[in-house]
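Listed below, chain by chain, are the residues.
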Amino acid sequence: MTLQRYKKRIDIIFKETKELIQFTDIRELCGMTQTGLAEEMGQQQSSISKLEGREDIYLKSMFRLINALGGEIEIKVHFNDCDIPLDFSDIAIEKRITG
């Protein structure tokens, strides 16, 4: 499935439920299991389960998770008169994360 189709599915869910999309929802919409994602990241399935169950997650961990699903994260700061994109290019993101 293409990223555009993922986005459409996420948009539909958000419009229907008015709830924020959780990481678990994104993983499932991408057709990935916890085990499959863990394999892609070189982690244990239990590690993915723990990350998904947390209320807070490190930004670096979120970048790695989304990257392993084939996506990217863009963050911007919004003020009344302007938007400022933040540059996180210094966060090392690898295709396969070890340890």
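Details of the structure are given in the entry above.
Because the structure is predicted, anything quoted here is derived from the model rather than measured.

Cut-offs applied
Residues numbered from 1 in each chain as written. Predicted model: local features only at pLDDT ≥ 70, side-chain atom pairs only at ≥ 80, totals over all residues. Heavy atoms only, no water. Helix = DSSP H or I, 4+ residues; strand = E, 2+ residues; numbered from the N terminus. Buried < 20%, exposed > 50% of the residue type's maximum accessible area, 1.4 Å probe, protein only. Areas by Shrake-Rupley, 256 points an atom, 1.4 Å probe, with all protein chains shown as cover. Contact = heavy atoms within 4.5 Å. Patch = residues over 30% accessible without salt bridge, like charges linked within 9 Å, V, L, I, M, F, W, Y side chains within 5 Å. Salt bridge = Lys/Arg side-chain N within 4 Å of Asp/Glu carboxyl O.

Novice: Which parts of the structure should I look at to understand the overall build of the chain?
Specialist: In terms of helices and strands, the chain carries five helices and two strands. When the elements of the chain are put in sequence order from the N terminus, they spell out α-α-α-α-α-β-β. By the burial criterion, 22% of the 99 residues in the chain qualify as buried. Summed over its atoms, the accessible surface of the chain is roughly 7500 Å², and 50% of this surface lies on carbon and sulfur atoms.

Novice: What's the story with helix 5 (residues 59-68) in this structure? I'm lost.
Specialist: Owing to its 3.6 residues per turn, the α-helix brings residues three or four apart onto one side. Of the residues making up helix 5, those classed as buried are F63, L65, I66 and A68. Against the buried residues of helix 5 lie helix 2 (23-29), helix 3 (34-41) and helix 4 (45-53). Once helix 5 finishes, G70 follows within two positions and takes phi at roughly 95°, a positive value.

Novice: Can you walk me through a nonpolar patch on the surface in this structure?
Specialist: Taken together, F79, I84 and L86 make up a surface patch of nonpolar side chains, about 260 Å² in accessible area. Structurally, L86 is set in the segment after strand 2 (83-85). Residue classification places L86 among the partly exposed positions, given a relative accessible area of 38%.

Novice: Please explain the pattern of salt bridges as it appears in this structure.
Specialist: Side chains that differ in sign of charge can pair as their charged atoms come close. For the structure on display, the rule yields three salt bridges. Linking R27 and E52 is a salt bridge whose minimum nitrogen-to-oxygen distance equals 2.5 Å. Linking R27 in helix 2 with E52 in helix 4, this pair joins segments that are 25 residues apart in sequence. Neither R27 nor E52 differs from the other in exposure class; each is buried. A salt bridge links K76 to D83; its shortest N-O distance comes to 3.4 Å. Owing to a relative accessible area of 53%, K76 belongs among the exposed residues under this scheme.

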